[in-house]
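Descriptive analysis of the structure
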Amino acid sequence: MALEDYRNNMLRCVRCSICKWVPGVHIKSWRFAQVCPSIARYNWHTYSAGGRVETALALLMGRVELDDNLLDIIYRCQLGGACDTNCRINSELVEPLDIMHELRMKCVEEGHLLPQLMVVIEGLRKEDNMMQKPKAERGNWADGLDVKDLTREKAEVVFHAGCRLSYDTELWPIARGTVTLLKKAGVDVGIMGKDETCCGGRAYEMGYKGELTKYAENNRDAWRNAGVKKVVVACGDGYGTLQNFYPQVLPDFNFEVLHITQYLEQLVKEDKLKLTKEVPMKVTYHDPCHLGRLGEHYLPWEGVEKTLPGPRVVYEPEKPPRHGMTGVYEPPRNLLRSIPGLQFVEMERIREYSWCCGAGGGVIDAYPDFAIWTARERIEEAKATGAEAIITACPWCNRILRDAAKESGSNLEVYDIVELVKKAI
Amino acid sequence: LLFQSIKDKEVIKMALPREAYQMLETIVGQENVSEEPAILESYSFYFMQELARRGTGTRLSPWRPSAVILPGSTKEVQDIIKVCNRFKIKSKAQSSGWGPWDGYAQEDTLIIDLRRMNRIIEIDSKNRYAVVEPYVSWAQLHAEVMKLGLTLSMAGVGCHCSVLANYTSGFGMGPGNWSMGVTEKNLLGVEWILPDGEVLKLGSLGSGDGWFCGDGPGLSLRGLLRGEYGAMGGLGVVTKCGVRLYHWPGPPVMPIEGILPDTRLTELPENIKTYLFTFSSLDKQTDFLYQLGRAEIGRFMYCTGYGALVGCVPQLRKYIPLNLGGSISDEVTTWFILACNSPREMEYQEKVLNAIVAETDAKVPDFWDDPLVKATIFRYLIRPDYVFNYFYGFSGGGFLYLSDYIGSPDAIATLHKRVNESAKPWEGKGLLPGCTDATFQPMYDYAHAGYLDGSGSHWDPADPETLKEYGHMMKDITSRLDPQIERPSIGTKYFNEKGGPTLSNYHIWQKRIKRVFDPNYVSDASYYMDPE
């Protein structure tokens, strides 16, 4: 698909603004009613999904040019997808998230590149990671861990640490804890160490589709060579990439993909891990976008648009629903509920209408102030529950929430769910 | 209806005088005013703008606004309007921005986006009113007042739209009108920036007595401010308003769980019950409504044609196919909620309801057992957001009424039938999904009156041919209607000019009001009235 292929979708937008809000029925307060960080921060209608769809139409019609200002509007968005999930409550006719992806791809194809992201992409091309760090240091997080090296050995399960966990030393306990827990449960797990590469998902969201394909193929081949059947990630972004993006570019991507929260829930249920120690904390949980609403497994659709009398536009066959229904919402919550002594409370914006942490879509790299602003909003929401800690299941969320808590002087603690499970064992 | 005379690239644009722009920057800060083409383009796009007489055939208008400004306070709005008067700049205010009436008639227009004015100023639960700024949505206010055991009258447009815009400047009815009355009658004190920049306070606010009353002590100018349909931004900017609140005996949060659209009701207290009835004819439904109104029972009520019901509730389509331009059906539906204060009151109201049901042949359809359907109807009645589901069910088209009428249930039923008759030649031609079938028909004040959207109507915004065909059909059908009472929708300058002579020449009064209140003609009046 190309941007031009979405022209009819753009023409049919009813400008209802549902893309800006938590679904009406789920709004619980004035304060936490908005769901799109971009319009919430910048206020111009243009910064909403609807506004971007309408501006994309103007671009197609030749009414505006792709200049630096438009580039800025296109990229000041985390692509967290709440807008899209909301829009689909009513219809599949607009598809704002796909349009916003296509806008970015058009920017890249036509050479309109955001300088802040060019540095990141250059780093990726050189060092195979999104952190602008040396490739040789990628496996350092696992130093001293007794874990299989899948460049030399074989295992049923690969733990793909991902870029953030591999290089963000403050978050290493999450990666190490993941391996420790899996091994404790008797899982035959290994890692790719310094030969692990980026998943490509974040590059794709920046508009670089070619990078996604390249890394998808690379990872597929590496995992096949290691005899892997199951890929485990502890990263929301990585999970969304493997579930949603890889099947789009690799029809033969047939590994079982599990987020660590799903796997741990399973292992606890099977009594392979016993959560016995009290963790006396009051906590709330932040749903990462790519683990939740954007973590749905991609289902291919090939069909045609058809106009019935009415006129009613339908797709034949029907498009698979993408309402965020099959996102990973319960496993992390079930884990939290099974930790002795832990009190779990919900925030207002949760599950498929969760507020983004702020780090997605390249925003943490291109507009760190906007990323922090978005995360501070989440910190405020977490604090309103009376929780002393916010728990998440993605290192990108974790990093930006930690930074935002620190910047705002909040004493709210930020943990990954793996860390809490480890405390409970 | 449709003139595609403007080619894609020929966007018409006009910059503001530099001095004026600099003054606007001083008022709101550089970051809150913009003339960036990419920003302006998204303010050129409005729902149903493809119907504009001078248009592109798409929802993008042929012109861009000259600038968009985001004021954050009443004072800033007032200063902006003064600049507009000084430089004779047209302006148009918008809040949530849904609907063609948010559009504007020419390129040198300053859009005043009221998004930053989004505060709930006050909720007075004891005296049962709330005060809001323009960008507070219904869902936000409803969520807050529910916690206090209160609710408010809402229009059907959708709970993401502005409370203030509907109460003060637009038109629309919804399910709560049954017991709480239409929204404009629930408007209390108002803070209004007149087109010349003066601040006028209406109702009790005007005499310094707070927001509690729309009719004084102090000026009561609601008729002038908004009349029946609202001035749609054609008479200055309303910056705050008070709205009446009502007792809500239900739970403090929406009792809904699950991922939309397939939600379920969580446990509902015994004092809240939801119903859906179908009727084989309009006359039977009218009998039902009269009896229900006489008994003054129930809190929320809404009537639709069968097609509109299926259009709004996607879960129903597995039971009943959408009526895609087939036959014109007489079958109609009523959605209803009893919300009582005590078990004894519930027992009484149920007994009355059952007696009326038995007497009027109201039927409970088989699909009512489906919990997904029940949950959807419940949320549509309590916190409405059904119309967008309906529009998207038909390609994202829109609605133009074959008739647009307020009257007694009998008058509405009669008109309904006459519209059906006029539309008969178009039955089965694939354009008209059936007049009665596609109507929305809210009742207010316990059936003392109701409102008829004579037909939700459809075209595909991506296919100009369907719009042209639709225009031919509308012209043909309306030519057979009596202009005295059967008229297309009022609310645009064009229709006001046409409709005025049939209704006490109200358009002449509008012109006079416009002349007096807007001497420099700076409020865009494309959905109100030109002074001359």
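Here's what I pulled together on the structure shown here. Note that the structure is predicted; figures quoted are calculated from it, not measured. (Residues numbered from 1 in each chain as written. Chains lettered and ligands numbered in written order. Predicted model: local features only at pLDDT ≥ 70, side-chain atom pairs only at ≥ 80, totals over all residues. Heavy atoms only, no water.)

Size it by volume and the second largest pocket reaches roughly 1000 Å³. Looking at the lining of the second largest pocket element by element, the count peaks at five residues for helix α6 (residues 96–109) of chain A. (1 Å grid on protein atoms, 1.4 Å probe; cavity = no way out; pocket = protein on both sides within 12 Å on 5 of 7 lines; lining within 4 Å. Points joined across faces, edges and corners; volume = space filled by probe spheres on them. Helix = DSSP H or I, 4+ residues; strand = E, 2+ residues; numbered from the N terminus.)

With that settled, the discussion passes to the packing of aromatic side chains. A complete count under the given rule lists 40 aromatic pairs over all chains for this structure. Summarising the aromatic geometry, the rings of B:F47 and B:F391 are spaced 5.1 Å apart at their centres and angled 40° between planes, so their arrangement reads as tilted. Taken as a pair, B:F47 in the loop between α2 (37–42) and β2 (67–69) and B:F391 in helix α12 (residues 387–393) lie far apart in primary sequence, 344 residues in all. B:F391 shares its class with B:F47; the two are buried. Lying across the ring of A:W301, A:K319 places its NZ or CZ 4.9 Å from the centre. (Phe/Tyr/Trp six-rings, centres within 6.5 Å; stacked < 30°, edge-to-face > 60°. Buried < 20%, exposed > 50% of the residue type's maximum accessible area, 1.4 Å probe, protein only. Lys NZ or Arg CZ within 6 Å of the ring centre and 35° of its normal.)

If charged atoms from side chains of opposite charge come close, those side chains can pair. Residues and elements named next belong to chain A. All chains considered together, the criterion is met by 63 salt bridges over all chains. Measuring nitrogen to oxygen at the nearest pair gives 2.7 Å for the salt bridge that ties R333 to D287. Residue R333 is located in helix α14 (residues 330–337), and its partner D287 is located in the loop between β6 (282–285) and β7 (304–308); the two are separated by 46 residues in the primary sequence. Residue R333 shares its accessibility class with D287, and that shared class is buried. Salt bridges linked by common partners bring D84, R88, E92, E95, D98, K319 and R322 together as one network. (Salt bridge = Lys/Arg side-chain N within 4 Å of Asp/Glu carboxyl O.)

Turning next to the interface of chain A and chain B. Interface size is often expressed as the accessible area that is lost when the parts come together. Taken together, the contact pairs 62 residues of chain A with 77 residues of chain B. Carbon and sulfur atoms make up 61% of the area that chain A and chain B hide from each other, which totals about 5800 Å². Together, A:W30, A:W44 and A:R63 form the three largest contributors to the area buried by chain A at its contact with chain B, with a combined 16%. On inspection of chain A and its partner chain B, the count reaches two salt bridges. Here A:R12 and B:D460 are joined by a salt bridge, their closest N and O atoms 2.8 Å apart. Of all elements in the fold, only α1 (7–11), α2 (37–42), α3 (49–60), α4 (68–75), α5 (82–90), β7 and β8 (312–316) of chain A reach the threshold of two or more residues within the side of chain A that touches chain B. With five residues, the single largest contributor to the side of chain A that touches chain B is α3(A). Its residues assigned to classes, the side of chain A that touches chain B shows 33 nonpolar, 19 polar and 10 charged. (Contact = heavy atoms within 4.5 Å. Buried area = accessible area lost by both parts, 1.4 Å probe. Nonpolar A, V, L, I, M, F, W, Y, C, P; charged D, E, K, R; others polar.)

Membership of the largest hydrophobic core comes to 187 residues, with the highest contact counts inside it found for B:W138, B:L141, B:L152 and B:W192. No other element matches helix α11 (residues 371–382) of chain B, which puts seven residues into this core. (Core = buried A, V, L, I, M, F, W, Y, C linked by side-chain atoms within 4.5 Å.)

Take the side chain of B:S44 next. By secondary structure assignment, the location of B:S44 is in the loop between α2 and β2. Within polar-contact distance, the side chain of B:S44 engages the backbone oxygen of B:L40 at 3.1 Å. Not counting the four nearest positions on each side in its chain, B:S44 is found in contact with A:R63, B:Q49, B:R59, B:L60, B:S61, B:W63, B:R64, B:P65 and B:Y104. (Polar contact = N/O pair within 3.5 Å; in protein donor to acceptor, adjacent residues only side chain to side chain.)

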